[in-house]
Amino acid sequence: DAVSITNVTVPDRSASYIMLWHRPDDPTWENRVEFRCEYNISPAPATPPTITWLMGSFTNAARHVIYKWSSSGEVYVHPDYTGRVSVESRTHPTLILVNQGGWGRYWCRVTNEEQSDEFGTDEESLLFYYNTGAYNPPRGSGYSFVEVDKTPVRVKAGGTARLNCEGSGGPLASIVWFKGPSCTQDGKCNVYEMVINKTAVPQPHPILGPGTVNVSPKYAGRASLDFNDGGYYNYYYPDLTITDIRPTDVGRYWCTDDAPLWYQNDLRSRDSQSVVVLLDDEAPTPSCDGKADGMYQDPGDCSRYYSCSGGWLYGPAPCLTGLFFNEP
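Nothing here was measured: the structure is a model prediction, and the numbers come from that model.

Undergrad: Looking at this model, I keep getting lost on the packing of aromatic side chains. Mind explaining?
TA: Two measures describe an aromatic ring pair: the distance that separates the ring centres and the angle between the ring planes. The tally for this structure, following the rule as stated, stands at 11 aromatic pairs. One aromatic cluster is present, formed by Phe58, Trp107, Phe178, Tyr192 and Trp254 through successive ring pairs. Taking NZ or CZ as reference, Arg63 lies 5.1 Å from the ring centre of Trp107, over its face. The ring of Tyr81 carries the charged tip of Arg84 above its face, separated from the ring centre by 4.9 Å.

In structure tokens form, the structure reads like this:
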């Protein structure tokens, strides 16, 4: 691929959230929790990635960085977490929190600084709940959870891309597909473009309808939600379909949901996962039509070349190892 794709996995997401029980009477008990994080960057960059842990809701202005390990080696810790947060390994960036309480969503973000666009940044989240003995977490079962098929979607120009997503919250939840992130002039890469969204239905009532669907003008007439209920009431499949794919459509797309408002939910529980869309056009083939005798670069691979003689094509042939053909 021409791009280096970053892919982040938080292994404990399948359990929906991590719970730490308050057990002060147990002499072995520690107020300590670990959030695991794994990532893959392919092709791998020469410089180490930047590791960032954030706390809050996806795309919410209140979301903030609690820990950042820059590719340069510089470490930032939010003042509220001084002495309470650490990451021991850049290759396996587990977040360690001590003396932590309450409920919150923590995001592991990995950024390949050599791939400055949205292909170079991915993140995943996990909910944390500090249980003091209450029967249920503050929102009961109303937390948000999505699972995206993260296999890159390859589509030819003019074709159709279908992005698969499974979500919790049922047909009354709000759904948003975003594209991004992009960066602003101040260097903050937290700008997401809304592609399509369906508003939440405030109560479980059959006459309220499915909610209002809004589509970005850029995707008008091309983006749609294929909304299918799952096998359980609380699950659904808000897949995104984009037709007439254009070069500007390539990038990273995020499936985001909120459990419905009547579940005593709020935006802090919003979850999101991403998948990338790549343009899969066929590479141009070598040709000697209208060309003078000589050597030419393979249009699909600059490490190969071909020769033209009397209108006949010879090759393509590989350059010497590590060399590229520089066509004058």
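Undergrad: What exactly am I supposed to notice about the state of the cysteines here?
TA: In protein structure, a disulfide is the covalent linkage between the sulfur atoms of two cysteines. In the structure shown here, the tally under the stated rule is three disulfides. Between the sulfur of Cys37 and that of Cys108 lies a disulfide, 2.0 Å long from S to S. Of note, the bridge from Cys37 to Cys108 carries an S-S torsion of about -75° and is left-handed in sense. Linking Cys37 in the loop between strand S3 (32-35) and strand S4 (38-42) with Cys108 in strand S10 (residues 103-111), this pair joins segments that are 71 residues apart in sequence.

Undergrad: Sorry, what's going on with the sheet that holds strand S8 (residues 85-87) here?
TA: Taken in spatial order, the three strands of this open sheet run S3-S9-S8, and their pairing is antiparallel. At either margin of the open sheet sits one strand with a lone partner, and together these are S3 and S8. Within the sheet, the average angular offset between the axes of one strand and its neighbour, ignoring direction, is 20°. In terms of strand pairing, S3 meets strand S9 (residues 95-98) through four bridges, oriented antiparallel. In the strand pairing of S9, Glu34 is matched with Ile96.

Undergrad: Help me understand the sheet that holds strand S11 (residues 121-131), please; the structure alone is not making it clear to me.
TA: Neighbouring strands of a sheet are bound in pairs by backbone hydrogen bonds; such pairs are parallel or else antiparallel. Here we have six strands laid out as an open sheet, ordered S2-S11-S10-S5-S6-S7, and mixed in their pairing. Either end of the sheet is taken by a strand with one partner, and the two such strands are strand S2 (17-21) and strand S7 (75-77). Sheet twist, expressed as the mean angle between neighbouring strand axes with direction ignored, is 25°.

Rules behind the numbers
- In this numbering scheme, every chain counts its residues from 1 along its sequence in written order.
- The predicted origin of the model limits local features to residues at a pLDDT of at least 70 and limits the giving and counting of side-chain atom pairs to 80 or more, whereas totals for whole chains, interfaces and linings rest on all residues.
- In computing side-chain values, all of the structure's heavy atoms are included and hydrogens and water are not.
- Put simply, two rings from Phe, Tyr or Trp (the six-membered ring, in Trp's case) pair if the centres are within 6.5 Å, and we call them stacked under 30 degrees between planes, edge-to-face over 60, tilted for the rest.
- Any Lys NZ or Arg CZ that is within 6 Å of a ring centre and within 35 degrees of that ring's normal is treated as a charge sitting over the ring.
- Note on terminology: pairs of cysteine sulfur atoms within 2.5 Å are recorded as disulfides.
- Here a strand is any run of E in DSSP of at least two residues, a helix any run of H or I of at least four, and the numbering for each starts at the N terminus.
- A pair of strands is treated as paired once DSSP finds two or more bridges between them.
- Axis angles are defined between N-to-C directions and span 0 to 180 degrees, where every axis is a line fitted to C-alpha atoms and, for a helix, only to the segment in contact.

Function cannot be inferred from these measures alone, as they are strictly geometric.
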